[in-house]
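A structural walkthrough
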There are 2 protein chains.
Amino acid sequence: MYKKINIKDIARIAQVSHTTVSRALNDKSRIRQETKEKILSIAKELGYRPNFIARSLVLKRTRTLGLVITNIANPFYTELAQGIEKTATKLGYSIILCSTQSDISTEKQYIEMLRSKGVDGIVFSSAHMEDPNIVALAEEEFPITLVNRRTYHPVVKEKVNYVGVDNILGGFLAVEHLIRLGHERIGVIGGSAESSVGLERLEGGKKALSTYGLEQRNDYFLEGNFLKKSGYERGKQFLKMAELPTAIFAASDYMALGVCQAILEEGLRIPEDVALIGFNDIEFSSMQGIELTTIGQKKFEMGAIAVEMLVEKIEKGEERTSAKEVLLMPELIIRKTCGFHLKGYQIESTNPSPPTLSPEGRG
Amino acid sequence: MYKKINIKDIARIAQVSHTTVSRALNDKSRIRQETKEKILSIAKELGYRPNFIARSLVLKRTRTLGLVITNIANPFYTELAQGIEKTATKLGYSIILCSTQSDISTEKQYIEMLRSKGVDGIVFSSAHMEDPNIVALAEEEFPITLVNRRTYHPVVKEKVNYVGVDNILGGFLAVEHLIRLGHERIGVIGGSAESSVGLERLEGGKKALSTYGLEQRNDYFLEGNFLKKSGYERGKQFLKMAELPTAIFAASDYMALGVCQAILEEGLRIPEDVALIGFNDIEFSSMQGIELTTIGQKKFEMGAIAVEMLVEKIEKGEERTSAKEVLLMPELIIRKTCGFHLKGYQIESTNPSPPTLSPEGRG
DNA sequence: TAGTTGTTTGAAAAAACTTTCAAAATCCCT
DNA sequence: AGGGATTTTGAAAGTTTTTTCAAACAACTA
């Protein structure tokens, strides 16, 4: 049986007090180089492993972060989670994974647990619009950051950092692309009403419609929940309409894949019968046989920035008070589900400049 | 500023000792019902939140598990991770996520960290064949379980629990399916040599070949690493051969998707020119436009069983000494990449019985 | 009433570490 | 050699909780 050895064991062998051992181990001053080396070598020899929980108890720091996410199965979140986990370990933190299935009360329990376990901060990747848990944390000034989804609550806006894409621009780009390809009846499948990103993408889409002078038909806006199944169902709904849209913008690739399934099942072709554009650019969107045109966003980088901001907040403490907001630029990724390639256009630069192209490509 | 309140604060207000408060909070005996209720109500009113790290210090239990995984981005692992996370929380544990990118020394650092943080156990989803870190843990009898990949090291086999699929059977099923459809030149893309599952699947494939009296050609066995890119590259390699295989079995769907890309790029059709079968049945394999025939395994359940076994080991302690090994049954899932549907067979039951079907379907 | 039993409570120790403060040791200068 | 300054070390307290042991208290029996 391996007995765990602690700072006192080392002290006894090195013939010093455990205080001195602590100083040696933590590379503190007020210790002679010689004694430090001796202690270090003994520690190494004994295979000493520091007990972080004892340390945490006195330091009130665990170097552990919570990650609350709806569901890792969603490919968008797994890429995000990767960025988060990687940069957390780079910065010396580990992360506790919490998947809430979007349930506010599950989220609350997770938060309770995380705080009892003494995490130094939490990153939320899927905040609800009016998430009371997040508001409470913000009021208490507990270190958190929001990534991807945000909350419009004033105290959250004032106090907590946020990273995301410019979803309004993204939505605009998506619908604009459809419009430029000649579509006038454009169906939009939004995210759930609890998600800021869905709303913002929808808003961007509507903006494109009005910029190009197209009618906004209410029956062409359907609410989804970002999941494949919901894309499938909303897609079917569109396809049953008397005057069905000629193009569909789904607020996530995952949903777009569901729409794809629905369209194909009805015996329709993509993009000839109905064009399809998604959002996120998950890995599978680029697969042969799918080749979904979509709005790309830097998911890994988003996660990385989120934890960098959080760690800065934790370590810098109260120094910076105002909340930062960083918005990454979305990017139109043209593949084959909108028919761009069929019309023989050459791929142009897709940087997010204001709409200048004359609608010559219509019809 | 919210000051954290502790057991002593409650004691002061309730006019009892903190010992008594502890008893009330933990629902222990040796306390009068009346005092207990009083204490509980005070605790609630003050918003008391137990400090798990102090508790952990004395109890030597953290109710936290480590999950070491190569990479959450691989869809197979995300489904597995879901099963793990969900049942961990169900059993009152939280999990710290560690993605090693298959690097042994990164893994070692993660293990050090996890142990310093006092996790009660670790689940390894991607053990290397001769992983020294795992051997060391096993020798020390630190609670771990292996899921998916295993190690053939004798002390690990003797001491640590394992859950996985019957990969040999799975490989057999895959290649058998190809053989029954008339293929005689079957290329296999294995996993990396460090992975037990790749080896076992290959072994199963070879077994099918010999069972049906087919030649085993060494140039038809290529080593991959389970990732899409490696499937693409190995696929290309096969397609450049003078006598290219008429069917390919890839040891993971993720690789099969890469192979798919390679085949399509070469202007060949699936399954008419070359048939393709994968392993894992990840969610995207069932997508329209892909419809990959594959070997299914219960990933979520596998994860669930892994943590159940681990928790049992942790909580039961030394009571059960011999290591359990649970092997789930793989299942042939026939979709469209092997051409089964083209031949007008009706879908038969695919339970893993010994090969009885006469090879009437050949040619 | 004394003695026994059983229940309820609290003091103190323990877990493994960091930090503060004071004491001891060393060094330098006159 | 003596005194001040500086460096090195250790004792003790603190972090929050659980647990052991003993004390106090109530109730019951003889």
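Residues numbered from 1 in each chain as written. Chains lettered and ligands numbered in written order. Predicted model: local features only at pLDDT ≥ 70, side-chain atom pairs only at ≥ 80, totals over all residues. Heavy atoms only, no water.

Description of the relation of the copies chain A and chain B
Two copies of the chain are present, and they differ by a rotation about an axis and a shift along that axis. Each copy superposes on the other: chain A lies on chain B with an RMSD of 0.1 Å after a rotation of 180 degrees and an axial shift of 0.0 Å. Here the two chains are linked by the operation of a two-fold rotation axis. A shared interface surface links the copies, since 100% of the contact residues of chain A are contact residues in chain B too. (Least-squares fit on C-alpha atoms with pLDDT ≥ 70 in both. Contact = heavy atoms within 4.5 Å.)

Some words on the protein's contact with DNA strand C
Around DNA strand C, a shell composed of 27 residues is seen, among which Ser 22, Lys 28 and Tyr 48 of chain A together with Thr 20 and Arg 30 of chain B lie nearest. The contact atoms of DNA strand C, taken as those within 4 Å of the protein, divide so that sugar and phosphate hold 63%. Within the side chain of Lys 28 of chain A, an N or O atom sits 2.5 Å from a phosphate oxygen of DNA strand C. One of the backbone nitrogen or oxygen atoms of Arg 32 of chain B is found 3.0 Å away from a phosphate oxygen of DNA strand C. (Near = heavy atom within 4 Å. Polar contact = N/O pair within 3.5 Å; in protein donor to acceptor, adjacent residues only side chain to side chain.)

Points about the sheet that holds strand 7 (residues 221-223) of chain A
Residues and elements named next belong to chain A. Read across the sheet, four strands follow the order 7-6-8-9 without closing on themselves; strand pairing throughout is parallel. The open sheet has two edge strands, strand 7 and strand 9 (275-277), and neither has a second partner. Looking at each pair of strands side by side, their axes are set apart by 20 degrees on average, direction ignored. Bridge analysis of strand 8 (residues 247-250) against strand 9 gives three bridges, and the strand direction is parallel. By the bridge assignment for strand 9, Phe 249 is matched with Ile 277. Its contacts with the sheet place helix 12 (residues 253-265) against strand 6 (186-190), strand 8 and strand 9, and it is angled at close to 150 degrees to strand 8. (Pairing = 2+ DSSP bridges. Helix = DSSP H or I, 4+ residues; strand = E, 2+ residues; numbered from the N terminus. Axes fitted to C-alpha atoms, helices over the stretch in contact; angles between N-to-C directions.)

Here we look at the protein's contact with DNA strand D
Close to DNA strand D lie 30 residues, the nearest being Thr 20 and Arg 30 of chain A together with Ser 22, Lys 28 and Tyr 48 of chain B. Within 4 Å of the protein, the atoms of DNA strand D are drawn from sugar and phosphate moieties in a proportion of 61%. For DNA strand D, a phosphate oxygen lies 2.8 Å from a polar atom in the backbone of Ser 17 of chain A. In this structure, Ser 22 of chain B approaches DNA strand D through a side-chain N or O atom, which is 2.7 Å from a phosphate oxygen. Within the residue set of the surface near DNA strand D, elements represented by two or more residues are helix 2 (18-25) and helix 4 (52-59) of chain A together with helix 1 (7-14), helix 2 (18-25) and helix 4 (52-59) of chain B. Looking at side-chain class alone, the surface near DNA strand D contains 10 nonpolar, 12 polar and eight charged residues. (Nonpolar A, V, L, I, M, F, W, Y, C, P; charged D, E, K, R; others polar.)

A few points about the pattern of salt bridges
Scanning the entire structure with this criterion turns up 46 salt bridges over all chains. We note a salt bridge from Arg 61 of chain B to Glu 315 of chain B, for which the minimum N-O separation is 4.0 Å. Placement of Arg 61 of chain B in the loop between helix 4 and strand 1 (64-69) and of Glu 315 of chain B in helix 13 (residues 299-316) is noted, with a sequence separation of 254 residues between them. Exposure remark for Glu 315 of chain B: the relative accessible area of 44% places this residue in the partly exposed category. The partner of Asp 273 of chain B in a salt bridge is Arg 269 of chain B, with the nearest N and O atoms 3.2 Å apart. Asp 273 of chain B sits in the partly exposed class, given a relative accessible area of 30%. Classification of Arg 269 of chain B as partly exposed rests on a relative accessible area of 48%. A cluster of three or more residues bridged by salt bridges with shared partners is formed by Arg 61, Arg 63, Asp 120 and Glu 315 of chain A. (Salt bridge = Lys/Arg side-chain N within 4 Å of Asp/Glu carboxyl O. Buried < 20%, exposed > 50% of the residue type's maximum accessible area, 1.4 Å probe, protein only.)

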